[in-house]
Amino acid sequence: MVRTLLRDCLQGKMLTEEEAVRLASAQGEEFAALLAAAAELRNRHKGKIITFSPKVFIPLTNLCRDFCGYCTFRRAPEEAGAKTLTLGEVLQVVRRGKQLGCTEVLFSLGDRPEAIYPEMRAFLTQLGLRRTLDYLFLACRVVLEETGLLPHSNPGLMGRKDLECLKEVNASLGLMLENVSERLLLPSGPHFLAPDKKPGLRLRTVEEAGKLRIPFTTGILIGIGETWEEKKSSFRILGRSRIFPCMTNPSPRSRRCSKPLRSRA
Ligand code: SF4
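Residues numbered from 1 in each chain as written. Predicted model: local features only at pLDDT ≥ 70, side-chain atom pairs only at ≥ 80, totals over all residues.

Trainee: Sorry if this is basic, but what is going on with the overall build of the chain here?
Mentor: Secondary structure summary: the chain contains 9 helices and 5 strands in total. Along the longest, intermediate and shortest principal axes, the C-alpha atoms of the chain span 65 × 45 × 35 Å. Looking at the chain as a whole, 31% of its 265 residues are labelled buried. Within the chain, counting contacts between residues at least 6 apart in sequence, those at least 24 apart form 73% of the total. (Helix = DSSP H or I, 4+ residues; strand = E, 2+ residues; numbered from the N terminus. Buried ≥ 20, exposed ≤ 12 C-beta atoms within 10 Å, placed from the backbone. Contact = placed C-beta atoms within 7 Å.)

Trainee: Can you help me understand the sheet that holds strand E4 (residues 172-174) in this one?
Mentor: Sheet strands line up and pair through hydrogen bonds in the backbone, either parallel or antiparallel. Spatially, E1-E2-E3-E4-E5 is the arrangement adopted by the 5 strands of the open sheet, whose pairing is parallel. Looking at the sheet topology across the chains shown, the edges are occupied by strand E1 (55-61) and strand E5 (216-217). As paired strands, E4 and E5 are joined by 2 bridges and run parallel to one another. Looking at E5, one finds that leucine 173 is bridged to phenylalanine 216. (Pairing = 2+ DSSP bridges.)

Trainee: Is there a simple way to think about the site of the ligand in this case?
Mentor: In the vicinity of the ligand, the contacting residues are Cys64, Asp66, Phe67, Cys68, Cys71, Phe73, Arg74, Gly110, Asp111, Gly156, Ala194 and Asp196. Partitioning the shell around the ligand into residue classes produces 6 nonpolar, 2 polar and 4 charged. (Near = placed C-beta within 6 Å. Nonpolar A, V, L, I, M, F, W, Y, C, P; charged D, E, K, R; others polar.)

Trainee: Looking at this model, I keep getting lost on the nonpolar core. Mind explaining?
Mentor: The nonpolar side chains of a soluble globular protein tend to be buried with one another. Ranked by size, the top nonpolar core spans 38 residues in total, and within it Phe107, Leu136, Ala139 and Cys140 carry the most contacts. Counting only elements with at least two residues in this core, the list comes to E1, helix H4 (87-99), strand E2 (104-109), helix H5 (118-125), helix H6 (132-147), helix H7 (160-167) and helix H8 (199-211). Per-element tally for this core: the top contributor is H6, with 8 residues. Among residues more than four places away in sequence, those in contact with alanine 139 are Leu60, Leu87, Val90 and Phe107. (Core = buried A, V, L, I, M, F, W, Y, C linked by C-beta atoms within 7 Å.)

Trainee: Quick question: what am I supposed to make of the pairing of E1 here?
Mentor: On any regular strand, side chains alternate: one points to one face of the sheet, the next to the other face. Across 6 bridges, E1 lies against E2 in parallel orientation. Bridge pairing in E2 links phenylalanine 57 to leucine 106. With H4 bridging E1 and the parallel E2, this β-α-β connection has right-handed handedness. (Right-handed = clockwise from strand over helix to strand, strands pointing away.)

Trainee: Looking at this model, I keep getting lost on the environment of methionine 176. Mind explaining?
Mentor: Within the secondary structure layout, methionine 176 lies in the loop between E4 and H8. The class for methionine 176 is partly exposed, based on 15 C-beta atoms found within 10 Å. Considering only alpha carbons, one finds methionine 176 and glutamate 18, 158 residues apart in sequence, at a separation of 24 Å.

Trainee: What is the right way to look at the packing of H4 against H6 in this model?
Mentor: The description of two helices packed together rests on the angle between their axes and the distance between the axes. One way to put it is that H4 packs onto H6 with a least axis distance of 10 Å and a crossing angle of 40°. It follows from the interaxial angle that H4 and H6 lie oblique. Every pair of crossing elements has a handedness; the one defined by H4 and H6 is right-handed. Contacts between H4 and H6 involve Leu87, Val90, Leu91, Val94, Arg95 and Lys98 on the former and, on the latter, Ala139, Val142, Val143, Glu146 and Thr147. Residues that form the contact of H4 with H6 fall into these classes: 7 nonpolar, 1 polar and 3 charged. (Axes fitted to C-alpha atoms, helices over the stretch in contact; angles between N-to-C directions. Parallel < 35°, antiparallel > 145°, perpendicular 65-115°, else oblique. Left-handed = near helix turned anticlockwise from the far one by under 90°.)

Trainee: Please explain H7 as it appears in this structure.
Mentor: Since there are 3.6 residues in each turn of an α-helix, residues three or four apart along the chain are aligned in direction. For H7, the complete set of buried residues consists of Asp162, Cys165, Leu166 and Lys167. Of the surrounding secondary structure, the elements contacted by the buried residues of H7 are H6, strand E3 (150-154) and E4.

Trainee: Mind showing me how you'd approach unusual backbone geometry here?
Mentor: Residue arginine 112 is not a glycine yet carries a positive backbone phi of 45°. Summarising the element assignment, arginine 112 is placed in the loop between E2 and H5. Positioned with a positive phi, glutamate 178 is a non-glycine residue whose angle comes to about 75°.

Trainee: Please clarify how the pairing of E2 should be interpreted in this entry.
Mentor: By the alternation rule, side chains of E2 split into Val105, Phe107 and Leu109, which are all buried, and Glu104, Leu106 and Ser108, of which none is buried. In this structure, E2 lies alongside E3, joined through 5 bridges in parallel fashion. Residue pairing across strands places glutamate 104 opposite leucine 150, the latter belonging to E3.

In structure tokens:
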């Protein structure tokens, strides 16, 4: 069965979902044949050149309102290692990265920490801001204007206005779907205390980014308690999304979003 499916693949036939799941369960010699067929298709369609862009990692804040069961990134304000970077600290790291040849800046941060932590609200207030997304916009703009490196941000859920603004100061944006399964939100599931991991909300962000033709990264998380069926459903739904995957350069200065996001709400 597996070898017949692989022969069909090599001849260009599209697999059904059931056939794809069957391939994914291949073991032993069948698994070796699966790898060989995958390598053949890769060589035929993509070749063996791997490209990458050196980037600086900026964990803008590791405070987060969600509590994903597998997360090793988030901290509560009172925990050791809790940190929200100031603009000065961001620029210091980015400039060092630029000296080392980096061309992009990856902003990673928790989702809406101001919703549960007064410490984050106080940090934002002293800057005249209301939301962490406002602060991200400011940090991206400063990095772009001061260093010329291209931001790519993964800030969690974004509404249409957020996407429109962040588009102006990012080369690309990203949000992992993680998984389309609502089951993972149930008690004892990894997303039980993570309101921003509702699949419908995440798909809405992905869809809006596609409509706005924003270069966007997304995907699924593997090994968080999902089943093969749930992986399959997630890929199928992402496959139907309107994602615009190419890279473009943002304008060096924000035209439409010269003010913090909150003033545009
Ligand atoms: S959303 Fe979840 S995975 Fe992301 S930082 Fe928060 S707790 Fe961690």
